[in-house]
Amino acid sequence: MSTHKSVRIGIVGAGRTGSVLGRSLHGAEYPVIAVASRSHASANRLARAIPGAHAEDHPQAVADQADLVLLSVPDDVIADVCTSIGWRSDQAAIHCSGAGSLDLLSHATEDGAAAGTFHPLQTFAEIQQGIANLPGSTFAIEASSDVLKATLKAMAHDLGGHPLVLSPGDKILYHASAVMIANYFVALADAASSLWSEFGSDQAQSLPALLPLARGTLANLEAVGLPAALTGPIARGDVGTVQDHLAALEVAPEILALYRALGLRTVSIALAQQGIDPATANRLTKALRAKTGSGEPS
Ligand SMILES: NC(=O)c1ccc[n+]([C@@H]2O[C@H](COP(=O)([O-])OP(=O)(O)OC[C@H]3O[C@@H](n4cnc5c(N)ncnc54)[C@H](OP(=O)(O)O)[C@@H]3O)[C@@H](O)[C@H]2O)c1
């Protein structure tokens, strides 16, 4: 298989990831030639958005024309879709899952094809925004051959991203980290904004009010990194404020549990920042571990 932009790319799974990668690869001058999906309508929609691509009814028809086939389908069906295809030894099967590894593509390697994973460390809720967010992203790569590894690294660079080559067994912790920064950030926004209902505001007001604070925090993380980006009562050692929060949060026990868990992690960051001394860290830790906001274990 050629190692660079002459690689003919086929896409199976014309959803968010398939659309963002297909259109971005075309933008980076890779020949994206054919698309299939569960429904012909999805395949057609994506093929129409990529000059030079056409829709096919079956994954096999895409694989028959492509050097590299991106299986951008839900994690749970990657192995089945891979098994439904007869592979050639001069092509590669690639999936985009963050959690799954090369074993999902064992049928392709049994047929003699190469297998790889190409996971954009990015979130695609919507296609246009996904295309805009893609440059600068890291791409986690696994590959069954050095030639394929070189191709996938070049693809990551050509998409404006940074390749990260992973070893077998790395994927699950890598993906847990991705889920925490992306999905749990959304959960944190939900928890923080829901507290406003306790003082008479709804999420339509609270979320827009909190987002500039979130953006400022991200900008601080980008500018000064960890642990310097941390501010707030734990960074200052304001134990009384933390105790007041704990007492007030008893109205929302699930959010109180989150506050305690993240507070304990925050104490470690404040210590690393040398903003608080070990004695203050100890008082904060006791308050966060106590069953009530009093700071006394019950
Ligand atoms: N979304 C993200 O933020 C993101 C980020 C990085 C990686 N990924 C990974 O990318 C992959 C796809 O996720 P996604 O979020 O893009 O999913 P998605 O938007 O739901 O798209 C999945 C597509 O797969 C198609 N499909 C489902 N079953 C199929 C089958 N049996 N044969 C052929 N096509 C089938 C669906 O087709 P129809 O539309 O025709 O029904 C759908 O368009 C997953 O491995 C995911 O882990 C996702």
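All values derive from a computational prediction rather than experimental measurement. (Residues numbered from 1 in each chain as written. Predicted model: local features only at pLDDT ≥ 70, side-chain atom pairs only at ≥ 80, totals over all residues.)

**Notes on the site of the ligand**
Close contacts around the ligand come from 24 residues, with Gly13, Gly15, Thr17, Ser37 and Ser42 the closest. Looking at the shell around the ligand, the elements that each hand over two or more residues are helix H1 (16-27) and strand E6 (114-120). By residue class, the composition of the shell around the ligand is 9 nonpolar, 12 polar and 3 charged. (Near = placed C-beta within 6 Å. Helix = DSSP H or I, 4+ residues; strand = E, 2+ residues; numbered from the N terminus. Nonpolar A, V, L, I, M, F, W, Y, C, P; charged D, E, K, R; others polar.)

**Thoughts on helix H9 (residues 203-224)**
Between the first and last C-alpha of H9 there are 30 Å, a value that for 22 residues agrees with the 32 Å anticipated at 1.5 Å per step. By the largest-angle criterion, Leu211 marks the main kink of H9, which is about 25 degrees, and a proline, Pro212, follows within four residues. Sparse coverage of H9 is indicated by the burial of 0 of its 22 residues. (Expected span 1.5 Å × (residues − 1). Bend = angle between axes of the 7 residues up to and from the residue. Buried ≥ 20, exposed ≤ 12 C-beta atoms within 10 Å, placed from the backbone.)

**Side note on the environment of Ala209**
Checked against the element boundaries, Ala209 lands in helix H9. Under the C-beta neighbour-count criterion, Ala209 is labelled exposed, with 11 such atoms within 10 Å.

**Quick look at unusual backbone geometry**
The omega angle of the peptide bond from Leu226 to Pro227 is 5 degrees, so this bond is cis rather than trans. Inspection of the secondary structure puts Pro227 in the loop between H9 and helix H10 (233-236). A positive phi angle, near 75 degrees, is found at Glu29, a position not held by glycine. Within the secondary structure layout, Glu29 lies in the loop between H1 and strand E2 (32-36). Phi is positive for Gln274, close to 60 degrees, though the residue is something other than glycine. You can see Gln274 is positioned in the loop between helix H12 (253-272) and helix H13 (278-289).

**Comments concerning the sheet that holds strand E4 (residues 68-71)**
Ordered by their spatial adjacency, 8 strands build an open sheet running E3-E2-E1-E4-E5-E6-E7-E8, and the pairing between neighbours is mixed. Among the strands making up the open sheet, the edge pair consists of strand E3 (54-55) and strand E8 (162-165). Judged from the 4 bridges that link them, strand E5 (residues 92-95) and E6 form a sheet pairing that is parallel. By the bridge assignment, Ile94 is partnered in E6 with Gly116. (Pairing = 2+ DSSP bridges.)

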